[in-house]
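Structure assessment
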Amino acid sequence: MPRPLTAEHGTIFSLENDFFGYFGWPTVARLSDGTLLVAASGLRNEHVCPFGRSVLLRSDDGGASWSAPRVINDGPLDDRDTGLVALGGRSVLLTWFVSYNRSFVAEGHLDSLPPLMQQRWRKGLDATDDALAARCEGSFLRISDDAGETWGPTIRVPVSSPHGPTVLRDGSLLYLGKERLPWRQRGEGRVQALRSADGGQTWVLTGEVPLLNGTAVGNYHEPHAIELPSGRLLGMIRVQDRPNAPKVADAGIIPFSILQTHSDDGGATWSVPRPLGFHGSPPHLLRHSSGVLVMVYGYRLAPFGQRVALSRDEGETWEHDLVLRDDGPDADLGYPSSVELSDGSILTVYYQKPHRREDKCALLCSRWRIDSV
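In this report, the structure presented in the accompanying data block is examined. The written sequence of each chain sets the order in which its residues are numbered from 1. Local features in this predicted model are restricted to residues whose pLDDT is 70 or higher, and side-chain atom pairs enter the listing and the counts only when it is 80 or higher, whereas totals over whole chains, interfaces and linings include all residues. Just so you know, side-chain values use all the structure's heavy atoms and leave hydrogens and water out.

Focus on the environment of L181
Cut-off, in case you're wondering: Each helix is a run of DSSP H or I of at least 4 residues and each strand a run of E of at least 2, with the numbering of both proceeding from the N terminus. Contacts: residue pairs with any heavy atoms within 4.5 Å of one another.
Along the chain, L181 falls in the loop between β13 (173-179) and β14 (191-196). For the pair formed by L181 and G89, sequence separation is 92 residues and the distance between their alpha carbons is 34 Å. With sequence-adjacent residues up to four places away left out, L181 is seen in contact with E137, G187, E188 and G189.

Examining unusual backbone geometry
Residue P282 is bonded to the preceding S281 through a cis peptide linkage, with omega at -20°. The topology assignment puts P282 in strand β20 (residues 281-287). Going from A302 to P303, the amide bond is cis rather than trans, its omega being 0°. Turning to its location among the elements, P303 is positioned in the loop between β21 (293-299) and β22 (305-311).

Topic: the pattern of salt bridges
Oppositely charged side chains are able to pair whenever their charged atoms sit close together. Applied cut-off: Throughout this description, the term salt bridge denotes a Lys or Arg side-chain nitrogen within 4 Å of a carboxyl oxygen of Asp or Glu. The cut-offs for exposure are 20% and 50% of the maximum accessible area for each residue type, with area from a 1.4 Å probe on protein chains only; residues under the lower value are buried, those over the upper are exposed, and the others partly exposed.
According to the stated counting rule, one finds 25 salt bridges in the structure shown. Put simply, E137 and R180 hold a salt bridge, and the shortest N to O gap is 2.5 Å. With a gap of 43 residues between them, E137 in the loop between α3 (130-136) and β9 (138-144) and R180 in the loop between β13 and β14 connect regions that are remote in the sequence. Since its relative accessible area comes to 10%, E137 is described here as buried. On the basis of relative accessibility, which here comes to 26%, the residue R180 falls in the partly exposed class. Ionic pairing is found between E222 and R238, a salt bridge with its closest N-O pair at 2.7 Å. Taken together, the residues span a long stretch of sequence, with E222 in strand β16 (residues 220-227) and R238 in strand β17 (residues 233-239) at a distance of 16 residues. Judged on exposure class, the residue E222 and its partner R238 are both buried. Three or more residues are tied together by salt bridges with common partners; here these are D343, R367, R369 and D371.

Regarding the pairing of strand β18 (residues 257-263)
Put simply, the rule reads: By this definition, two strands are paired if DSSP reports at least two bridges between them.
Along β18, 6 of the 7 residues are buried, which leaves the element largely enclosed by surrounding structure. Bridging between β17 and β18 involves 7 bridges; their strand directions are antiparallel. Across the sheet, the residue bridging to G235 is T261, located in β18. Pairing of β18 with strand β19 (residues 274-279), which is carried by 3 bridges, proceeds in the antiparallel orientation. Bridge assignment links Q260 to a residue of β19, and that residue is R274.

Description of the sheet that holds β18
In plain terms, the rule: Geometry is summarised by axes, namely lines fitted to C-alpha atoms with helices restricted to the contacting stretch, and by angles between N-to-C directions that run from 0 to 180 degrees.
Across the sheet, 4 strands lie side by side as β16-β17-β18-β19; this open sheet has antiparallel pairing. With partners counted over all chains shown, the strands left at the sheet margins are β16 and β19, one partner each. Between one strand axis and the next, the sheet turns by 25° as a mean value, whatever way the strands run. Summarising the sheet, β16 and β17 pair through 6 bridges and their orientation is antiparallel. Across the sheet, E227 pairs through a bridge with L233, a residue of β17.

Thoughts on the sheet that holds strand β7 (residues 78-88)
In a beta sheet, neighbouring strands are held together by backbone hydrogen bonds and run either parallel or antiparallel to one another. A sheet is described by the order of its strands in space; here 4 strands give the open sequence β7-β8-β9-β10, paired in antiparallel fashion. Edge positions in the sheet fall to β7 and β10 (155-157), since each has one partner strand and no second. For this sheet the average axis-to-axis angle between neighbouring strands, irrespective of direction, equals 30°. As paired strands, β7 and strand β8 (residues 91-99) are joined by 8 bridges and run antiparallel to one another. Bridging across to β8, R80 finds its partner in F97.

The structure is reproduced here in structure tokens:
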């Protein structure tokens, strides 16, 4: 049964009544000096629109207050899903992907929008074309060595994931992500594992997650992985129904849920994923200093909100549906990620409409403790 957690909720940034007030898909990172950074796709109009930008916000007081968002990427297409990874010291790595949204015109979506939205969307979409998409669409990263003040060049990477790669104990990076196929192929990519030995400058494909019987690559999305003390790599994957893919319920899987996989050889081979058996996605993993694994995920059934699962046996079993909050006005929410703060508490960051269904989605957070569970 769902069980509520004791948490203090806060607002990172909200422009709930502004045309460009939509913010979504955040990731939080904690630097070595305690600085907190949150990256998100923001200053956009809707969940899918032509206007997405990668933005960065900063807190120097443990999340009590936050800077205004600063734009890091503002390309000609929709910059989405920002991952953020602390690399040590003041270095941080930002990931995102770029989507081409002219299909809205073909599908007649614009005709259903209010006049002002139609006018602004058409202006944004008219500045794009297929040739531009061929150059700009894909998955990318940038690296900063000064806590996000300045950023290096854009590096194209073969996969994407909402929260980006993870740092392993040997200092290398593991990126468990969804393969990004070229725009013109319009196909579904596989969940692949890549490694980088040079801080994210270059990547080598090491392995691929196999498919569970009765599923297809189109059912697999938005993975995240961490390394356990044993050296095992533990991965979680969003699984859902998609057009031209099998219904996951036919394979005994709850739609919009999580599959778990692992690798014991550095990412070369991965176990056949197993369903965790509860609603909610996409996942983010954190290993707390107590040894407890913390997985947070969005809950898109009523009551809408953010939930937590805990494992005290390295992912063998999970205590799930711990309710971080359940006051979301609708299902446009989630993508939570967490960091441990200096006092052992956890800060979880996510997006959600602050009050009403009519609000633009905001960046919100909750501070809570494992020892209160």
